[in-house]
Structure formats: structure tokens, C-alpha cells
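What follows is the residue order along each chain.
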Amino acid sequence: MDLFSKQNREVFSNPLNLDNPIMVQVLGICSALAVTSQLKPAIVMGLAVTIITAFSNVIISLIRNTIPNRIRIIVQLVVVAALVTIVSQILKAVAYDVSVQLSVYVGLIITNCILMGRLEAFAMTNKPWPSFLDGVGNGLAYAMILVIVGAFRELFGRGSLLGFKIIPQSFYDAGYMDNGMMAMPAMALILLGCVIWIHRAYFYKEDKK
Amino acid sequence: MSLRNYLDKIRPNFEKGGKLHAFKSVYDGFDTFLYVPNETSKSGTSIHDAIDSKRIMSMVVIALLPAMLFGMYNIGYQNALAAGKLADATFWGMFLYGFFALLPNILVSYIVGLGIEFAWAQWKGEEIQEGYLVSGILIPLIIPVTTPLWILVLAIAFAVIFTKEIFGGTGMNIFNVALAARAFLFFSYPAKMTGDAIWVAKDSLFGLGYTLPDGFTMATPLGEIAQGVQVNNSLNDMIIGLIPGSVGETSVIAITIGAAILLWTNIASWRTMLSVFLGGTVMGLLFQSTGATSIQWYEHLVLGGFCFGAVFMATDPVTSARTETGKWFFGFFIGAMAIIIRVLNPGYPEGMMLAILFGNMFAPLIDYCVVQSNISKRAKRAK
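Just so it is clear, the structure is predicted and the values come from calculations on it, not from any experiment.

Caption draft 1: Main features of the overall build of chain B. When helices and strands are tallied, chain B shows 16 helices and zero strands. What you see for chain B is a C-alpha radius of gyration of 22 Å, in line with the 21 Å of a compact globule of 383 residues. Judged by the C-alpha coordinates and their principal axes, chain B covers about 70 × 65 × 35 Å. Across the 383 residues in chain B, those meeting the buried criterion constitute 44%. Within chain B, contacts between residues at least 6 apart in sequence are counted, and of these 71% link residues at least 24 apart.

Caption draft 2: Summary view of the overall build of chain A. Of the regular secondary structure elements, chain A holds ten helices and two strands. When the elements of chain A are put in sequence order from the N terminus, they spell out α-α-α-α-α-α-α-α-β-β-α-α. Relative to its length of 209 residues, chain A is compact, with a C-alpha radius of gyration of 19 Å against a globular reference of 17 Å. Seen through its principal axes, chain A has C-alpha atoms that stretch 65 × 50 × 30 Å.

Caption draft 3: Highlighting the environment of Ser 188 of chain B. Residues and elements named next belong to chain B. Note that Ser 188 resides in helix H7 (residues 177-188). Given 24 C-beta atoms within a 10 Å radius, Ser 188 is considered buried. Here the alpha-carbon distance between Ser 188 and Lys 9, two residues 179 residues apart in the chain, equals 48 Å.

Caption draft 4: Structural context of the domain arrangement of chain B. In terms of domains, chain B is made up of domain 1 (2-34) and domain 2 (268-371). Domain 1 of chain B and domain 2 of chain B are separated by 44 Å when their C-alpha centres are compared.

Caption draft 5: Main features of helix H3 (residues 39-62) of chain A. In a regular helix each residue adds 1.5 Å, so 24 residues correspond to 34 Å; H3 of chain A covers 35 Å between its end C-alpha atoms and thus fits that length. By the criterion of burial, H3 of chain A is predominantly enclosed, with 18 of the 24 residues buried.

Caption draft 6: Structural detail: the packing of H3 of chain A against helix H8 (residues 128-158) of chain A. All names here are of chain A. Two numbers describe how H3 lies on H8: the axes approach to 8 Å, and their chain directions differ by 165°. Comparing the axis directions of H3 and H8 gives the class roughly antiparallel. Note that H3 runs across H8; the crossing there is right-handed. Looking at the contact of H3 with H8 residue by residue, the classes come out as 18 nonpolar, ten polar and two charged.

Caption draft 7: Spotlight on the interface of chain A and chain B. Counting from both sides, the interface comprises seven residues of chain A and, opposite them, eight residues of chain B. Residue classes in the side of chain A that touches chain B are distributed as four nonpolar, three polar and no charged.

Caption draft 8: Main features of unusual backbone geometry. For Asn 266 of chain B, which is not glycine, the phi torsion reads 65° and is therefore positive. Along the chain, the position of Asn 266 of chain B falls in the loop between helix H11 (252-264) and helix H12 (270-290).

Caption draft 9: Here's a closer look at the nonpolar core. One finds Ile 52 of chain A together with Ala 181 of chain B to be the most contacted residues of the largest nonpolar core, which totals 143 residues. Top element by residues in this core is helix H3 (residues 53-83) of chain B. It accounts for 13 residues. The residues contacting Ile 52 of chain A, other than those within four sequence positions of it, are Val 80, Leu 83, Val 84, Val 87, Ile 109 and Leu 115 of chain A.

Caption draft 10: Representation of the environment of Ser 204 of chain B in the model. Residues and elements named next belong to chain B. Turning to its location among the elements, Ser 204 is positioned in the loop between helix H8 (190-193) and helix H9 (221-226). Counting along the chain gives 111 residues from Ser 204 to Thr 315, while the straight-line C-alpha distance between them is 37 Å. Apart from the residues within four sequence positions on either side, Ser 204 is in contact with Gly 209, Tyr 210 and Thr 211.

Caption draft 11: The confidence of the model for chain B, seen in detail. Residue and element names in this part refer to chain B. When pLDDT is averaged along chain B, the result is 83, and 93% of the positions lie at 70 or above. The secondary-structure element of chain B with the lowest mean pLDDT is helix H2 (residues 24-34), recorded at 70, while helix H16 (residues 352-382) shows the highest, at 92. Interface confidence for the predicted complex, expressed as ipTM, amounts to 0.81; the pTM equals 0.84.

Caption draft 12: Focus on the environment of Gly 107 of chain A. All names here are of chain A. Here Gly 107 lies in helix H6 (residues 104-107). Residue Gly 107 is classed as partly exposed on the basis of its C-beta count, with 14 C-beta atoms lying within 10 Å. Distance in space between the C-alpha atoms of Gly 107 and Val 87 is 9.3 Å, their sequence separation being 20 residues. If sequence neighbours within four positions are ignored, Gly 107 has contacts with Val 84 and Ser 88.

Caption draft 13: The arrangement of the packing of H12 of chain B against helix H15 (residues 324-344) of chain B in detail. Residue and element names in this part refer to chain B. Contact pair H12 / H15: the axes reach a minimum separation of 7 Å and the direction vectors enclose 35°. As H12 runs across H15, the sense of the crossing is right-handed. Looking at the contact of H12 with H15 residue by residue, the classes come out as 16 nonpolar, seven polar and three charged.

Caption draft 14: Focus on helix H4 (residues 91-124) of chain B. Residues and elements named next belong to chain B. With 34 residues, H4 extends 48 Å between its outermost C-alpha atoms, agreeing within 8% with the 50 Å of an ideal straight helix rising 1.5 Å per residue. When the local axis directions of H4 are compared, the greatest deviation, roughly 35°, occurs at Leu 102, which is followed within four positions by the proline Pro 104. Listing the buried residues of H4 in full gives Met 94, Tyr 97, Gly 98, Phe 99, Ala 101, Leu 102, Asn 105, Ser 109, Val 112, Gly 113, Glu 117 and Ala 121. In the stretch just after H4, Gly 125 is the one whose phi turns positive, near 70°.

Reading the values: rules and limits
Residues numbered from 1 in each chain as written. Chains lettered and ligands numbered in written order. Predicted model: local features only at pLDDT ≥ 70, side-chain atom pairs only at ≥ 80, totals over all residues. Helix = DSSP H or I, 4+ residues; strand = E, 2+ residues; numbered from the N terminus. Rg over C-alpha atoms; globule rule 2.2 N^0.38 Å. Buried ≥ 20, exposed ≤ 12 C-beta atoms within 10 Å, placed from the backbone. Contact = placed C-beta atoms within 7 Å. Domains from an automatic or database assignment. Expected span 1.5 Å × (residues − 1). Axes fitted to C-alpha atoms, helices over the stretch in contact; angles between N-to-C directions. Parallel < 35°, antiparallel > 145°, perpendicular 65-115°, else oblique. Left-handed = near helix turned anticlockwise from the far one by under 90°. Nonpolar A, V, L, I, M, F, W, Y, C, P; charged D, E, K, R; others polar. Core = buried A, V, L, I, M, F, W, Y, C linked by C-beta atoms within 7 Å. pLDDT = per-residue confidence, 0-100. Bend = angle between axes of the 7 residues up to and from the residue.

Encoded structure:
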């Protein structure tokens, strides 16, 4: 079996562009709006989702033939919940401040539609390795949007990136002010709309039927 | 008619094949702004109202002039009052000072807003729409005179692009464009939109006016109420408009003149205006009887942006309810909501902006309910 066949590469790269879970499928918006007020929690959240999507995809894919069809959602939830708990505990142990900032949104990864969507649509019908690639691809695609939105919001809302001041003090002295609306989820929605707008205009062409 | 001749002379350049064809939308925009469009339908019968949207916009701008002129005078008056030099100040001195203080805001507003509209029309290959004529003068009138120009630019760009152009341009917007600009400023730069340090122009311009110390503060009456301070402006001052506030909103008399123009020319709906005041009165009386507010109910109606919003903002034909019954509900909702926000939310001394934006959001729902109830009523009658 060729690990990096064209098909597998597409499984990985499609979510990043033409089948992006946020920009095209418009899933996982809630957490994308909530955790992007700064760059650091956005990155951590993106990584957490990537790891959980990848491994829950692998686990479900491994046991896909033994899961009774009628209780598959429950089985999927148990797997995801177990992984989310592990990630949440690790976060609390190594990066407590970020875990406080993310608050309930780490726990809410359980209900993230991207995860359930990938498990239902991909892992249940594919082998572990493509499922893993699919999980990583979708997670990174989610993380990518979070990082774009988070970077804009932190730069214009706080004048910093990852906590480092980017906009020099001389700007503030000249009358520049941080934009308070960037700290609000409302602005995240507008920025997300702009990202989707640019994507649709330049990268993504809808099927003309 | 030399202007007409000139426009006709340069027209071939903008026709198909002319060297400036790419800028046809700009030419059309100016031509129809200056003269009535010379286009008639080629087939069938069509009836046009003699007044088109450009003329309606021009009438609204004329109706806004009294409020704007008084706003200019009040800028100078507040500046002189704050400097303690009111006795020395002349009428023309104060007016000219206000004129020079407000002029940059108006220019920036029109240049940026129209620039975006023209560029957008050019980009999309559409005709230039005239919707910004009114918004462009409304925006400087509903913000404090000291608003820095660069944040005004941001707010106007935001409002024109995100509340108008992406919904399809003039006539398609859900929210009032001018209020969207103000809301952007209000939430983005609260230090420049609320509080007590921003309502009086502080710098002397061209030798006019007086330079005030940096730390000078003067709260609006509504701001004082929110802080629990006794208001010491007389009712006369509130009605004439000699109180600090956003540029155009202070004078009830100037706004009444504008309202008379709008009602006389049938441009604004008297139902909306009246019901806004009804809503405000009912809520004001309610809060006064329960002791929730420290001022009289009628003072609520003359303070802040209540009158200005009721006359010029709530009646915006695009964003208000379209059905005649709906206008009653729409107006009442806005008036009541404005007073509720003022009295019950200590964080927002003024509630008119949020109330109207809220009303804009509900206008389609109100229309839907009115239309549906009419349909079911008539369906019952048919049985």
C-alpha cells in the first residue's frame, strides 16, 4: 500500500482548501468565534482539535467493523470524550493559563461538528491511515482559520501577537488606539465572513450547474 | 445651461468605444445628480414618479441643514462657555469656529464614503447609487465633534462596505448605514464616543475659539443622569439645544424644522415619527411613576439623540417597516426601547442608536406579521 498515493494526498489537502470545514462546509463556527480573541489560545485550540480529530478518526476507523450501526453515535462520542478529557488534562498540566482562557471550549470539542462529521463521513468507511490523514487535514484546516482570525483580532484589538507588542508605542502617542470591537465575537464573525469572501473570490469556484 | 452643454460635450468620451468608457458610471453618477436622467422606456407604458431617489435624498439633506447649522453654532457656544468667555464671543465668531471644527468631519465623510461607492460601482460595473448623500451628512452629525478623523475613516469604510455594499448597495441594506458607522465607533473606540471628555471642541482654530486645558471635561445631561448627578441645564436650553452632545442632535427646534420639511414633502412617514414619540412617552411615564428615572418623561424626549433619531433615522424608508400598520409597531418599539436602554442599563447613557438598530433588525419580521395577519383576515372573510 502506498502511504502517499495521490488519493491519500488529496484526503489530506482537500480540507485545507476546496473542502475546508469552516470556509466551505461552515462547521465549527461557534468555537472559532469564541477562542480567537488572541493568537495563543487560537493556536492551542487548533492543535487540540487537530490531535483529537486525528486520533478519534484512527480509533473509530480501527473498530469501524465491530460497531453496531444503531449505537455508532454513542460509541463515537465515548471515543471523542475520552480523547478530549486526556487533552484537557494535559492542557491543565502544562499550559494552565491557556486552559483557563479556553475555559469550556476545550470540553465542548466533544460537540464540535467537524469531529462528528469526519467520524460519520470518513472514518466509518475508510481504513485507519487515510482516516488519520483526513483527521489531521481537517484539524489543520480548522486551525488555519483560527490562526488567521486570531492574528487579526489580537493585532488590531490589542496591538500585539502572542503577547508581544507589535504596534510601537510611537503609534499610540500619535493617537492610534486599539479597536475594542476586535475583542468581541461580533468582529470575529465579520472577519470570518471576510475570509470566506476572499476564499470564494479567489480560490474556490462553486460548481456551475 | 453651460454645465449641461459641457456634460453633453464630454458624453461621447464615456460612450461605448470612447477612451474614458471605463468611467461611465462616474459620468452617469454626476450627470443624474445634476440633472434629471434623460432616459425613457422604449416600449410599453410606464409611469414614473416625478421625484426620484436622488431628489428625495437632496430633500433629506436640506431638512438636515437646520440641525447642522445649529450644531456648528453650538460647537462654538460650548467652546466659549467652557472657556468662560461667553460674554466676549460674537455670534459669527462662534458659528465660524463651529464651521471650521465640523468641516473636516463632513469632508472626510463624503470623500471616503463616496470614494468607496464610486470604486465599488466601477469594480462591479454598476451604476453609481446615490444612497450615500444622506448618510454622508448624517454621520458627522451623530458623533461628537472631537472624533479623530482616522477612526471616522475606518467607521465609514466599515459601514459602507459591511452594512450596505455587501447587502447589494443602496436600498438593500438591513441596517441604517449612518448608525452602523456610529455603532462601530461606539464599540471599537468607546473612549472617543462616550464619557465626559469628548463633547466640547478644545483647540482654537484660525484664531477663532479658545484652547481649553487637556483635562477639561463636560458631561452631557444624559451622561450626568447615568452617573446619578443632578442635571443643571434648563428645559429651555435642552429645547433650543445649547447643551453638550453629538453635533446635530442637541436642538429640538432645528430638528422640528427638519421634521416639518420632511413631512410637508411627504418624504418621511408621520406614523413612524409619531409612534416613536408615543413609545418614548409611554415608557418615560412608566419609569417616572416607578421612580426608576430621575428626570421628567418629557425631558427624556428632548435630551440626547431621541428627536434626531425619531425624525431622521427611524424614518429611513429602506430600513424601517414598509407596511403602514407595521410602522406603528416599528416606531413604538424604537421609542420604548430607547428609554428602556437609557434607564435600565447604566453602561449606556444613550439608547437611541441601539434601539433603532434593533428596530431595523425587527422591521422585516413586523412586516411579515402584518402581511400574514391581513392575508388570514381576508381569507376568513372569503369563507
